[in-house]
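Notes for the structure review
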Amino acid sequence: MSPTSTFFLPARDADTAIYARLSRDRSGLSENVNIQIAEARDYADEQTWPVVGVFKDNDISASKYSTKPRDDYDRLLGAIRRGQINIILITEMPRLYRRLEELLELIKLAETTKLRRIQTTDGISYDLSTAEGIHAAINAVNNAMLEAGRISKRVKRKQKARALAGKTHGGGRPYGYEKDGVTVRESEAAVIRECAERFIAGESIRDIVMDLNTRGVRTATGCEWRIENLQRTIMKKRYVGVREYEGQEYPAEWPAILTREQWDRMEARRLSRQWRWPKGQTGTRKYLLTGFLYCGRCGGVMVGSGRTRQSGQPAQMRYRCRRTDNHGRVIGCGKSFRVAEPVELLVKEAVCHVFDDPKVAVMLAPKVDEDKVRLLVQEYERRKAKLDQLVTDYATDVLSRDQFIQAKGIAEASVKEAREALAHYQDKSAAARVPADQTIREAWDTSGLEWRRSVVQLVVEKVVVRPGHPGSKRWRGYRFNPEFIEIEWKS
Ligand SMILES: [Zn+2]
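Since we're looking at a predicted model, the values are computed, not measured. (Residues numbered from 1 in each chain as written. Predicted model: local features only at pLDDT ≥ 70, side-chain atom pairs only at ≥ 80, totals over all residues. Heavy atoms only, no water.)

Topic: the coordination of the zinc ion
Coordination of the zinc ion by the protein comes from Cys295 (SG), Cys298 (SG), Cys321 (SG) and Cys333 (SG), over a distance range of 2.2 to 2.4 Å. Seen from the zinc ion, its four donor atoms lie at angles of 98 to 116 degrees, and the figure they make is tetrahedral. On the primary sequence, the residues serving as donors to the zinc ion are separated as C-x2-C-x22-C-x11-C. A residue is classified by how much of its surface remains accessible, and Cys298, at 36% relative accessible area, is partly exposed. (Donors = N, O, S within 2.8 Å, 3.2 Å for Na, K, Ca; no water. Tetrahedral: all angles 85-135°; square planar, octahedral: opposite > 155°, others 65-115°. Buried < 20%, exposed > 50% of the residue type's maximum accessible area, 1.4 Å probe, protein only.)

Written out as structure tokens, the structure reads:
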């Protein structure tokens, strides 16, 4: 054999059956059968594979739920059973299958006959003698059924070939890379790494977005960041060097910016129950001390409550004693009020003062056990891989359908459990971190509300608002008497 022909199979192992199907079902394929056959013949000629049979069906009335027999498809199966076929050559997966069950039948035939693989004319080969090949074929059928019809066939073929080569989608410049999609733009890669680390460390996407926008960091198109936008961006598989196509991952031709471990940790945090997707402005927490502040008159909780004095004026932020709960039950006196600003300023100063003692700061600095995190990530990866393996086991008859369904349920629960263990550990260690180059006061002024609350939570048990009027007392320009505010510290 010449060095250029190493890809060729010896002719005796390359008996090829061409299968073409005309369809007008939901996969959106309706290409002329003769064109499909011509395309397949050309491909077989290029590979020097002998074409031992050509099979074609007119399936134009069939939907993907159709059980109508396809005459030539059955003849194809007959030829496979008689041991005449090594390779089934098609233009694309949906030509061959309408349902996953049909593919599974074929996979089983490959165990007892000389059928070795399914080949598509756009160069994708599914080796039915290996678990990987079987797995890929199953994914291709699943995904082809979902994806087909969404984009034109020609575009799709091109995309598939590009994906296999790990090439980019094309289109706009991806954040973190130059226009070619391959060269890393270091200034933006640094932002991606920073955001990933901050998200893993427990900062909310909202706080990160506000910080980026304040610093003048812009998206690839020069716009301000939005919450959904940043969330989607940092979770892109692209950043771990993966090209995704139809649910399959291919090694990309561009360098990664994040590690797979970072990606897993972000995913765990994103999917964890503790974490809630921020909902627009309505769910925005504006009050620093909600949950910490208590009424000194009745002992009830005080909640944030805006008050508009004059129409057209912005509301004044206040805390008030909550009189009734959501069910109308009386839970407090409802008589205490305080303007929010001076109370929050007072608590901020007291908290920062506590952190001025370096011993306290060190004591409170959250410790992340990197070994523990690595173990949790590994466990998560291991369980995800096991879930993947089940599909292959089912396809290769290791598992019956009932066993598969049962095992899949267990495996999915176990993946979720591992993910939540990771998320829980991350949340615990995610509390206040003061960036190394900042004092707590600087960090306070540049960080978001969630971060400030986590700092308060580290040291403050509760804040009690004692009843009384400030009289003529003034504090920092406010009509406010700090003596009426009592901070109970955590021991
Ligand atoms: Zn009260």
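Topic: the sheet that holds strand 15 (residues 485-489)
Each strand in a sheet pairs with another by means of backbone hydrogen bonds, the pair being arranged parallel or else antiparallel. Spatial strand order, 8-12-15: three strands in an open sheet with mixed pairing. One side of each edge strand has no neighbouring strand; the edge strands of this open sheet are strand 8 (293-295) and strand 15. Across the sheet, the mean angle separating the axes of adjacent strands is 25 degrees when strand polarity is ignored. Note that strand 8 and strand 12 (residues 460-465) share three bridges and pair parallel. Pairing of Leu293 across the sheet is with Val463, part of strand 12. Packing of helix 16 (residues 449-459) onto the sheet brings it into contact with strand 12 and strand 15, and relative to strand 12 it is tilted by some 95 degrees. (Pairing = 2+ DSSP bridges. Helix = DSSP H or I, 4+ residues; strand = E, 2+ residues; numbered from the N terminus. Axes fitted to C-alpha atoms, helices over the stretch in contact; angles between N-to-C directions. Contact = heavy atoms within 4.5 Å.)

Quick word on the confidence of the model for the protein chain
Of the residues in the protein chain, 82% reach a pLDDT of 70 or more, and the chain-wide mean stands at 80. Here helix 12 (residues 358-364) stands out as the element of the protein chain with the lowest mean pLDDT, 67, in contrast to strand 8, whose mean of 95 is the highest. Across residues 25-30, confidence stays below pLDDT 50; counting only partners more than four residues off in sequence or on other chains, it has 17 contacts. In the model, residues 61-66 has pLDDT below 50 throughout and makes 11 contacts with residues more than four positions away in sequence or in other chains. (pLDDT = per-residue confidence, 0-100.)

Concerning the environment of Asp72
Mapped onto the elements, Asp72 comes out in helix 2 (residues 71-81). The class of Asp72 is buried, set by a relative accessible area of 12%. C-alpha separation for the pair Asp72 and Tyr19, spaced 53 residues apart in sequence, amounts to 8.4 Å. Those residues in contact with Asp72, other than ones at most four positions away along the chain, are Tyr19, Val54, Phe55, Lys56 and Asp57. Of the polar contacts made by the side chain of Asp72, one reaches the backbone nitrogen of Lys56; its length is 2.7 Å. (Polar contact = N/O pair within 3.5 Å; in protein donor to acceptor, adjacent residues only side chain to side chain.)

A few points about the sheet that holds strand 9 (residues 302-307)
In spatial order, the strands read 9-10-11; together these three strands make up an open sheet with antiparallel pairing. Where the open sheet ends on each side, the last strands, each with one partner, are strand 9 and strand 11 (337-339). Direction aside, the axes of adjacent strands within the sheet are offset by 30 degrees on average. Where strand 10 (residues 316-321) meets strand 11, three bridges bridge the pair, whose relative direction is antiparallel. Its bridge partner lying in strand 11, Arg318 is registered against Val339. Its contacts with the sheet put helix 11 (residues 340-356) on strand 10 and strand 11, and the angle it makes with strand 11 is roughly 75 degrees.

A word on the nonpolar core
Formed by 36 residues in total, the largest nonpolar core has its most connected members in Leu76, Ile80, Ile88, Leu96, Leu106 and Ile118. The set of elements that each furnish at least two residues to this core consists of strand 1 (16-23), helix 2, strand 3 (87-90), helix 3 (93-96), helix 4 (100-112), helix 5 (131-147), helix 13 (370-395) and helix 14 (401-428). If you count residues domain by domain, this core takes at least three from each of domain 1 (3-164) and domain 4 (371-425). Judged by nonpolar contacts, the second largest core, of 30 residues, contains Cys295, Val343, Leu346 and Ala443. (Core = buried A, V, L, I, M, F, W, Y, C linked by side-chain atoms within 4.5 Å. Domains from an automatic or database assignment.)

Structural notes on the pattern of salt bridges
Applying the stated criterion across every chain, the model contains 29 salt bridges. One salt bridge in this structure joins Arg476 and Glu349, with 2.6 Å as the shortest N-O distance. Placement of Arg476 in the loop between strand 13 (474-475) and strand 14 (478-479) and of Glu349 in helix 11 is noted, with a sequence separation of 127 residues between them. For Glu379, the salt bridge identified is with Arg382, shortest N-O distance 2.8 Å. Of the two residues, Glu379 and Arg382 both sit in helix 13, three residues apart, roughly one turn of that helix. You can call Glu379 partly exposed: its relative accessible area is 24%. Its relative accessible area of 47% is what places Arg382 among the partly exposed residues. A single network of salt bridges, built from pairs that share partners, joins Glu194, Arg198, Glu203, Asp211 and Arg215. (Salt bridge = Lys/Arg side-chain N within 4 Å of Asp/Glu carboxyl O.)

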